[in-house]
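Breakdown of the fold
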Amino acid sequence: MNKRNWRGGQRPHRRRGAGQRQGWYGGNRAWPPQDEQRAGHDSARPPLRAAHRRLENQSASPTSPTSPSSSPPSSSSSSPRTSNAAPELPGFYFDPEKNRYFRLLPGHNNCNPLTREMLQKKEREKQRNQMLAEDEKPRKKAPRTGLNAVLLLQKRHLGMLPEPSHSRLVHEVKVSGMKRHKLEIQSTEGSNPNTDNFRLIVGDSACERVFTVNDVSHGGCKYGIMNFGSSSRGSLSVEMCDNLYFTNRKVNSICWASVNYPDSHVLLCLVGAADTPGCVSLLPASLFSNSNPDQPGMLCSFKISSAWSCAWCLNPQFDKTFSTGLSRRVIVKDAETGRTQVYSTGSDVLAQQFAVRVPVLFNGCRSGEIFSLDLRQRGRRGQSWKASRFHQESAITSVRVLQDDNYLLAADMLGQIKLWDVRATKPVQEYKGHHNEHAYLPIQVNEPEGLLLAVGQDCYTRLWSLKDGQLLRTIPSPHPAANDLIPSVVFSSKLGGCRGLPGLLMAVKHDLYYFPYNTDYQEAAEQPGNVF
């Protein structure tokens, strides 16, 4: 082939003028009608349009070479309009609704809607709203295939399901059917006390009272007690105590203490602020109510620089003993005699809990180490006082000892929740799905129901089967996710006392919600603002 023939016979088109050019190419492809209107806006980014055109050509069928813009959109995974089919380009994102790329601008401020962080936040908020809408439906999908009350009852009557398994699976069905109800918090003074955001709620052993910590808008926090009651009609009522306490210090940890009788006191760890030192305070619960002028005989406070955690011992041998986890130390103190024992550790102690059957204290450290301390062997020195020790991969945020104190639940800042066999010092179960990166988040366990609960840093509350680690329910927050709006929850089989109602309490922002087990739950006297 000579040079003249190649130029004269092989070139498909003559060179066009600047005003006659069609599309991004010099060939015979024409712009679709809707793209002609955007050609002027996109002329600064020809590589992006070319990349998307190549994608359309690759995904088009060879037997029907029609333009995707002239055919109806398809819901299949091979459609070029889906975000999964669009190639990732550095510095840009693909909008599947508008079927085009947009430039990601630098910056993390709220004024720029096209940062990657803002796009991810928008997608998370969309998913949260979808889950809230799903939870409002009359019928929800079962957490496992074939798991419903009718089939379980049939298998139980036919002898195909033993009683323990039947009871556990029934609880799972109830968890999947829990609906959200907003509770109206009443006050003895007639005012509305829930104007400040909830930070933490902790229920007593009977779940008749819940200790609350609220952030105050001008700084610091306030704390008090909510009393719960249930009526014969199957409704739940909440009353806030009339005597709240304010402090400019942060509350790090709370536990109920049985000094004079079960749950007679509250043990608080307060972090120092400015010129105010930190402390550990043992307060009588009746201090928060003006209706009882006779205060119990113990009201004490111990100045401590930095207290991370606290725990109260319920074992009869040491029933007036509590512990405090500090920076590289553990303090064990007798509340009556004042006797104190200090143990040095290699890391900050962020989580603590006593076993009940034996006087053994379990500690979780920032280094990921978990170790136990036997109070009956206080005379030991060095590292020999550690009865057992094992590790997780990140800082421990919560430890929970089961009724069989040979097993312990531990959560860390990598979002890992593991069930440990203390004797073998190895994990025997892992609960996947929890989200945590750096927050100090507790976990809760309810053994009668066979459930494990945890609120993640993404503001989702998750419930697992304690026995097999199956994720049973993921509950979105009623409010948009934020680091300062992480929900705090309490789960009990008897909210409001021995004749109370089973379910989940969720405190988020300045609202309190109840998720009942029984589907025939009734709002208290059908008060306005109670039904949601």
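Residues numbered from 1 in each chain as written. Predicted model: local features only at pLDDT ≥ 70, side-chain atom pairs only at ≥ 80, totals over all residues. Heavy atoms only, no water.

A few points about the overall build of the protein chain
On a plain count of helices and strands, the protein chain comes out with 7 helices and 32 strands. The proportion of buried residues among the 532 residues of the protein chain is 47%. Sequence separation of at least 24 residues holds for 46% of the intrachain contacts in the protein chain that already meet a minimum separation of 6. A total of about 27800 Å² of accessible surface is found on the protein chain, and carbon and sulfur atoms cover 50% of it. (Helix = DSSP H or I, 4+ residues; strand = E, 2+ residues; numbered from the N terminus. Buried < 20%, exposed > 50% of the residue type's maximum accessible area, 1.4 Å probe, protein only. Contact = heavy atoms within 4.5 Å. Areas by Shrake-Rupley, 256 points an atom, 1.4 Å probe, with all protein chains shown as cover.)

Digging into the packing of helix α6 (residues 149-157) against helix α7 (residues 163-176)
Where α6 meets α7, the closest approach of the two axes is 10 Å, and the angle between their N-to-C directions is 175°. Taken together, the axes of α6 and α7 are roughly antiparallel relative to one another. Across from A149, L152, L153 and R156 in α6, the residues of α7 making contact are E163, H166, L169, V170 and V173. For the contact of α6 with α7, a count of residues per class yields 6 nonpolar, 1 polar and 2 charged. (Axes fitted to C-alpha atoms, helices over the stretch in contact; angles between N-to-C directions. Parallel < 35°, antiparallel > 145°, perpendicular 65-115°, else oblique. Nonpolar A, V, L, I, M, F, W, Y, C, P; charged D, E, K, R; others polar.)

Details of the pattern of salt bridges
Under the counting rule described, the total for this entry stands at 19 salt bridges. The shortest N-O distance in the salt bridge between D215 and R199 comes to 2.6 Å. Placement of the pair is D215 in strand β6 (residues 209-215) and R199 in strand β5 (residues 198-203), with a sequence separation of 16 residues. With a closest N to O distance of 3.6 Å, K320 and D319 form a salt bridge. By relative accessible area, K320 is classed as buried at 14%. The network of salt bridges with shared partners includes R357, D404 and D405. (Salt bridge = Lys/Arg side-chain N within 4 Å of Asp/Glu carboxyl O.)

Focus: the sheet that holds strand β15 (residues 321-326)
A sheet is described by the order of its strands in space; here 4 strands give the open sequence β14-β15-β16-β17, paired in antiparallel fashion. Strands with a single pairing partner mark the edges of an open sheet, and in this sheet they are β14 (307-312) and β17 (340-344). The sheet shows a mean angle of 15° between the axes of neighbouring strands, taken without regard to direction. Pairing between β15 and strand β16 (residues 329-334): 6 bridges, direction antiparallel. From the neighbouring strand, G325 faces β16, where its bridge partner is V330. (Pairing = 2+ DSSP bridges.)

Digging into the packing of aromatic side chains
Scanning the entire structure with this criterion turns up 9 aromatic pairs. Aromatic ring contacts, followed pair by pair, group F211, Y223, Y245 and F288 into a single cluster. Between the NZ or CZ atom of R366 and the centre of the ring of W308, over which it lies, the distance is 4.9 Å. Against the face of F371 rests K386, its NZ or CZ located 4.6 Å from the ring centre. (Phe/Tyr/Trp six-rings, centres within 6.5 Å; stacked < 30°, edge-to-face > 60°. Lys NZ or Arg CZ within 6 Å of the ring centre and 35° of its normal.)

Let's talk about the nonpolar core
Within the largest apolar cluster, 36 residues are counted, with the highest numbers of intra-cluster contacts made by F211, M226, F228, L505 and L512. For this core, the leading source of residues is strand β7 (residues 221-230), giving 5 residues. With residues up to four places along the chain from it excluded, the contact list for F211 reads L200, I201, V202, Y223, G224, I225, I254, W256, V266, L268 and F288. Of all hydrophobic cores here, the second largest spans 20 residues; its members include M178, L441, V489 and F515. (Core = buried A, V, L, I, M, F, W, Y, C linked by side-chain atoms within 4.5 Å.)

Some details on the pairing of β6
Most of β6 sits inside the fold, with 6 of its 7 residues counted as buried. Both β5 and β6 contribute to a ladder of 5 bridges, which runs antiparallel. Bridging from a neighbouring strand, V202 pairs with F211 of β6. Taking the residues between adjacent antiparallel strands as the criterion, β5 and β6 are bridged by 5 residues, where C207 takes a positive phi near 55°. Sheet analysis places β6 next to β7, joined by 7 bridges and oriented antiparallel. Within β7, the residue paired with V210 across the bridge is M226. The antiparallel hairpin formed by β6 and β7 contains 5 residues in its connecting segment, where G219 sits at a positive phi of about 110°.

Remarks on the environment of I370
Structurally, I370 is set in strand β20 (residues 369-374). Accessibility expressed as a relative area gives 0% for I370, which makes it buried. On a C-alpha basis, the gap between I370 and Q392 in space is 7.8 Å, while along the polypeptide they are 22 residues apart. Each residue touching I370, except ones within four places of it in the same chain, is listed here: N363, S388, R389, F390, Q392, I396, L408, A410 and W420.

Some words on the confidence of the model for the protein chain
Per-residue confidence for the protein chain gives a mean pLDDT of 78; residues scoring 70 or more make up 73%. With pLDDT under 50 throughout, residues 1-48 is counted as low confidence; its partners more than four residues away or in other chains account for 43 contacts. Segment residues 525-532: pLDDT under 50, and 13 contacts once partners within four positions in sequence are set aside and those in other chains are kept. (pLDDT = per-residue confidence, 0-100.)

A closer look at α7
In this model α7 runs 20 Å from its N-terminal to its C-terminal C-alpha over 14 residues, within 8% of the 20 Å that 1.5 Å per residue would give. Here α7 has its buried residues at S165, H166, R168, L169, H171, E172, V175 and S176. Elements in contact with the buried residues of α7: α6, β27 (451-455), β28 (461-465) and β29 (471-475). (Expected span 1.5 Å × (residues − 1).)

Considerations on the sheet that holds strand β10 (residues 250-257)
What the 4 strands build is an open sheet, ordered β10-β11-β12-β13; its pairing is antiparallel. Looking at which strands have only one partner, the edges of the open sheet turn out to be β10 and β13 (300-303). Across the sheet, the mean angle separating the axes of adjacent strands is 15° when strand polarity is ignored.

Observations regarding the environment of Y245
Among the structural elements, Y245 can be located in strand β9 (residues 245-247). Judged by its relative accessible area of 28%, Y245 is partly exposed. For Y245 and K222, which are 23 residues apart along the polypeptide, the C-alpha to C-alpha distance reads 5.4 Å. Residues in contact with Y245, not counting those within four places in the same chain, are C221, K222, Y223, L287 and F288.

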